[in-house]
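Descriptive structure summary
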Amino acid sequence: PVWLEIPIVYHRDIPADGLIKSVSATRRILAGKVRWQLNVIVSLPMPAPKVGDRAIALDIGWRLLPHGVRVAYWQDAAGKHGDVLVPTSDIEQFTKVCSLRSMCDQTREESIPMLSAWLSSQELPEEWQRRSSHLIQWRSGDRLANLIAWWRDNRLANDQEIFEAACAWRKQYLHLANWSRNLQDQMVSRIRERYRVFAACVARDYDVVVMETFDIRQVAIIPQPESTAVTTASNTYRQMVSPSTLRTALWSACAREGVRVVEMRAEYTTSTCHACGDSRKWDQAESVIHRCQACGKMWDQDQNAAINLLSAWRASGEEVPSSAA
């Protein structure tokens, strides 16, 4: 039986050979606005492993450049190369999201002390006391907005002036909060789709994908909860472009197309010159372009790392499946 029909918007068709395992809908409320998301889990038959030696190596990370944030650099066995870049225009939109969130936090911090002081001077009913408990410590604008919405039907004596001020704050807050959340969702979806398309092209054109064994969390500077340290600019860009999302997209696309993924150790892949093999310490943050102090060859750090990963895979002697096998 058909129990319910819901119109949906989706970005790609379900594969013809896919078996739908489950379908569910998720309901979220953000700043008073209801959002629905359809989740479809599909099982696909195992693909036949690709044969051949068309290989590509990727150095995944994040690096701020004049024209955007580089998330990966790739080099293939045929000599082609390029990078995956989140352009400056997208970074500016993420910066706008941060600015809107900051404005939300600022207006909340300005409004809560005034409201808390006024409530402290009132004889509050028990329900009011429960709902506004520890108000001065609240860090959630949504929580304050919900309290003000409840306030409409639970007015207090002589609250006209403070209530109108609270409603004005709520209106401004919801406008800013919805703006920032919508923009955040748009940018996350845009970047995820860019990564998905790139990963699909890699899985279509190559038989082997070489990546470094690298846990991005190991180089992320994350303050402890009790720490007063601020988030570094590097970590801010990492969160914006999410290199782990690109890595996940590549793994998913390769598994779907039968492409082999080989992980190689990452040590010294950036600092070792691919031309002469010289490896010595130098300031890698100074410039993305480096001249080898031994042979004088100039190269891009990230391309150098990708070339070294490809060379390491070749040197590993991994057997390449053949069509006869």
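Everything here concerns the structure above.
One structure accompanies this document, and this report is about it.

Each value, and the rule that gives it
Residues numbered from 1 in each chain as written. Predicted model: local features only at pLDDT ≥ 70, side-chain atom pairs only at ≥ 80, totals over all residues. Heavy atoms only, no water. Pairing = 2+ DSSP bridges. Helix = DSSP H or I, 4+ residues; strand = E, 2+ residues; numbered from the N terminus. Axes fitted to C-alpha atoms, helices over the stretch in contact; angles between N-to-C directions. Contact = heavy atoms within 4.5 Å. Core = buried A, V, L, I, M, F, W, Y, C linked by side-chain atoms within 4.5 Å. Buried < 20%, exposed > 50% of the residue type's maximum accessible area, 1.4 Å probe, protein only. Phe/Tyr/Trp six-rings, centres within 6.5 Å; stacked < 30°, edge-to-face > 60°. Lys NZ or Arg CZ within 6 Å of the ring centre and 35° of its normal.

1. Notes on the sheet that holds strand E6 (residues 208-213)
The five strands are arranged E5-E4-E3-E6-E7 in an open sheet whose pairing can be described as mixed. Since the sheet does not close on itself, it has two edges, and those belong to strand E5 (81-87) and strand E7 (260-265), each with one partner. Each strand of the sheet is rotated relative to its neighbour by a mean of 30°, with strand direction disregarded. The pairing of strand E3 (residues 55-65) with E6 spans four bridges and is classified as parallel. Considered in E6, the bridge of Ala-55 is made with Val-208. Contacting strand E4 (68-76) and E5, helix H1 (residues 88-120) runs over the sheet at an angle of about 30° to E5.

2. Considerations on the nonpolar core
Core analysis: the biggest nonpolar cluster contains 32 residues, and Leu-58, Tyr-195, Phe-198, Val-209, Val-241, Leu-246 and Leu-250 have the highest contact counts within it. Mapped onto this core, the elements with two or more residues apiece are E3, E4, E5, H1, helix H4 (160-205), E6, helix H5 (233-241) and helix H6 (243-257). A per-element tally of this core places H4 first, with eight residues. Not counting chain neighbours up to four residues away, the residues in contact with Leu-58 comprise Tyr-73, Trp-74, Phe-198, Val-209, Val-210, Met-211, Glu-212, Leu-250 and Leu-309. Counting 25 residues, the second-largest nonpolar core is a separate cluster that includes Leu-100, Ala-145, Ile-148 and Leu-174.

3. Describing the packing of aromatic side chains
Inspection of the entire model under this criterion finds six aromatic pairs. Ring centres 5.4 Å apart and planes at 85° place the aromatic pair Trp-128 and Trp-151 in the edge-to-face group. Taken together, the residues span a long stretch of sequence, with Trp-128 in helix H2 (residues 126-131) and Trp-151 in helix H3 (residues 141-151) at a distance of 23 residues. Taken as a pair, Trp-128 and Trp-151 share a single burial class, namely buried. Put simply, the rings of Trp-118, Trp-128, Trp-150, Trp-151 and Phe-163 touch in pairs and so form one group of aromatic residues. The side chain of Arg-155 reaches across the aromatic face of Phe-163, ending 3.9 Å from its centre. Cation over ring: Arg-238 sits above Trp-62, and NZ or CZ is 6.0 Å from the ring centre.

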